[in-house]
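# Residue-level structural notes
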Amino acid sequence: MIVAIKTPRSKLLEGREKIVHGLQEIRLRVQLRHQNVLPKFLGITTKFIESLSIVTWWMEGNSHDYVQDESIDPCPLIIGIAQGLQYLHNLTPDAVFHGNLRGLNVLILDNGEPLLTNLGLLWPVDSSPGVSSIRDIRGTVNWMAPEMFDGGHGCRPTAEGDIWAFAMTALELFTRENPFHDHTDPTAIKSSIKKGLPGRPNACNRMTDPWWNILVQCWEVASSSRPTISQVVKSFAALGAVQSPTLKESIKRISRKCPNIKRLDGQIDKDHSILIRGGFATVCRGTLCHKQTKVAVKTARGDLSMDEKIINRILEEVYVWYKLRHANILPLLGITTQFDSTLSIVSRWMERGTARDYVRDSINDPRPLVRGCATCMTQI
């Protein structure tokens with residue numbers, strides 16, 4: 001089993017302080033229970049450099065590295081981060097503030113789910129290239145709220161500071177670059193932050209106007225004017241971007257049964273005019289953006305999209321379709337949760353329509369169609 005061992009840097013903390021910080025983090029890890037917070041806590045060790053180290057499951061990567069693959073849609077990650085932060089901020093009797101939220105402090109599970117780590121600045125975090133840290137202001141400057149530079153709140157983590165950093169992390173994941181990456185000097189970064197909002201990135205088609213507007217609210221200079229994280233999550237829900245627990249579980253089930261299925265979230269432009277309406281689903285035409293390929297998007301009807309029985313019916317269709325490979329069976333391209341907050345199935349768009357429509361033209365011989373259908377039926 002591969003594990004991660006977190007040990008304080010010897011030059012930053014003295015012996016007693018190391019132990020105190022370690023015990024604080026252990027207390028947090030034992031208490032917290034949320035799918036978007038912290039990798040699983042395995043235990044502790046004093047084997048390394050005469051200090052207390054925390055042992056957790058090893059995660060293969062962080063969110064910053066994960067989104068370098070341009071096929072990855074950052075929107076589900078950002079929503080997961082917001083939901084993890086909401087859990088922390090709403091804890092009772094004592095809320096937990098992260099204090100150093102950024103892409104490197106969000107780990108990624110095998111199923112693509114984000115996990116917040118390094119909570120509460122219990123231990124300072126190393127700088128990475130293009131990122132500046134200031135020792136007496138704990139945190140990382142590129143993601144820090146302006147009030148923290150002036151000693152606001154005693155330089156302690158706050159809910160308002162987390163909101164600012166959350167929006168900067170979202171910007172980081174959308175652009176695949178650190179905020180203010182063109183500056184390396186902390187003073188220059190602080191000056192840029194105090195001047196106003198970061199510029200909206202040009203080449204970022206997944207950041208729609210509603211998403212950008214939510215981030216802008218989080219960057220209010222007056223910290224009291226920023227929304228709470230619960231309000232941010234509610235705004236995402238209003239966009240139809242937040243998945244229900246049933247839908248999340250459905251995606252996990254598909255990942256287990258169909259490990260190589262493609263997730264096409266954020267990659268489809270859909271023509272919202274309904275072309276086919278069935279008993280429980282509708283089919284619309286769309287375009288797979290990076291290939292400019294026409295696709296068919298089958299989605300549960302709006303009034304049934306959250307019905308567990310309907311979702312299970314779609315799941316069964318995915319399971320069967322995923323296994324089929326035949327020249328006369330329409331290939332399954334993948335799935336998406338991009339539309340109507342429910343599961344959609346994506347396949348090739350067939351310009352000639354159905355066999356029934358095709359044979360209406362008397363010049364088309366139906367016999368090859370019948371033979372093709374019979375051949376594929378023997379394979380099912």
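Below is a summary of the structure that appears in this document. The structure displayed is predicted, hence computed values, not measured ones.

## Side note on the nonpolar core
Within the largest apolar cluster, 51 residues are counted, with the highest numbers of intra-cluster contacts made by Phe166 and Phe236. Elements with a minimum of two residues in this core: helix H3 (74-89), strand S5 (106-108), helix H4 (159-175), helix H5 (186-195), helix H6 (209-218) and helix H7 (229-238). A total of 10 residues in this core trace back to one element, the largest contributor, which is H4. If you count residues domain by domain, this core takes at least three from each of domain 1 (1-58) and domain 2 (60-123 + 136-241). Core analysis: the second largest hydrophobic core is formed by 20 residues, Leu247, Phe280, Ile311 and Leu343 among them.

## Overview of unusual backbone geometry
At Arg176, a position not held by glycine, the phi torsion is positive, near 65°. Summarising the element assignment, Arg176 is placed in the loop between H4 and H5. What makes Arg176 buried here is its relative accessible area of 19%.

## A short note on the packing of H3 against H7
At their nearest, the axes of H3 and H7 sit 9 Å apart, and the two run at 145° to each other. Crossing handedness for the pair H3 and H7: left-handed. Every residue of H7 that contacts H3 at Ile78, Ile79, Ala82, Gln83, Leu85, Gln86 and His89 is listed here: Ile229, Ser230, Val233 and Phe236. Of the residues that constitute the contact of H3 with H7, the class distribution is seven nonpolar, four polar and no charged.

## Some remarks on the packing of aromatic side chains
Evaluated as defined, the whole model comprises four aromatic pairs. Sitting above the plane of the Tyr322 ring, Arg325 keeps its charged end 5.8 Å from the centroid.

## Here's the deal with the side chain of Arg176
Glu70 provides the closest opposite charge to the buried, salt-bridge-free Arg176, at an N-O distance of 5.1 Å. A polar atom in the side chain of Arg176 sits 2.4 Å from the backbone oxygen of Val67. At 3.4 Å, the side chain of Arg176 and the backbone oxygen of Glu70 are in polar contact. Once residues within four sequence positions are removed from consideration, Arg176 is found in contact with His64, Val67, Gln68, Asp69, Glu70, Ile72 and Arg206.

## Some thoughts on H6
Owing to its 3.6 residues per turn, the α-helix aligns residues three or four sequence positions apart on the same side. Along H6, the residues classified as buried are Trp211, Trp212, Ile214, Leu215 and Cys218. Down the axis, H6 shows its buried residues gathered within 155° of arc, on one side only. Buried positions along H6 lie against H3, H4 and H7.

Each value, and the rule that gives it
- Residues numbered from 1 in each chain as written.
- Predicted model: local features only at pLDDT ≥ 70, side-chain atom pairs only at ≥ 80, totals over all residues.
- Heavy atoms only, no water.
- Core = buried A, V, L, I, M, F, W, Y, C linked by side-chain atoms within 4.5 Å.
- Buried < 20%, exposed > 50% of the residue type's maximum accessible area, 1.4 Å probe, protein only.
- Helix = DSSP H or I, 4+ residues; strand = E, 2+ residues; numbered from the N terminus.
- Domains from an automatic or database assignment.
- Axes fitted to C-alpha atoms, helices over the stretch in contact; angles between N-to-C directions.
- Left-handed = near helix turned anticlockwise from the far one by under 90°.
- Contact = heavy atoms within 4.5 Å.
- Nonpolar A, V, L, I, M, F, W, Y, C, P; charged D, E, K, R; others polar.
- Phe/Tyr/Trp six-rings, centres within 6.5 Å; stacked < 30°, edge-to-face > 60°.
- Lys NZ or Arg CZ within 6 Å of the ring centre and 35° of its normal.
- Lys, Arg positive; Asp, Glu negative; His and termini not counted.
- Salt bridge = Lys/Arg side-chain N within 4 Å of Asp/Glu carboxyl O.
- Polar contact = N/O pair within 3.5 Å; in protein donor to acceptor, adjacent residues only side chain to side chain.
- Arc of directions from axis to C-beta.

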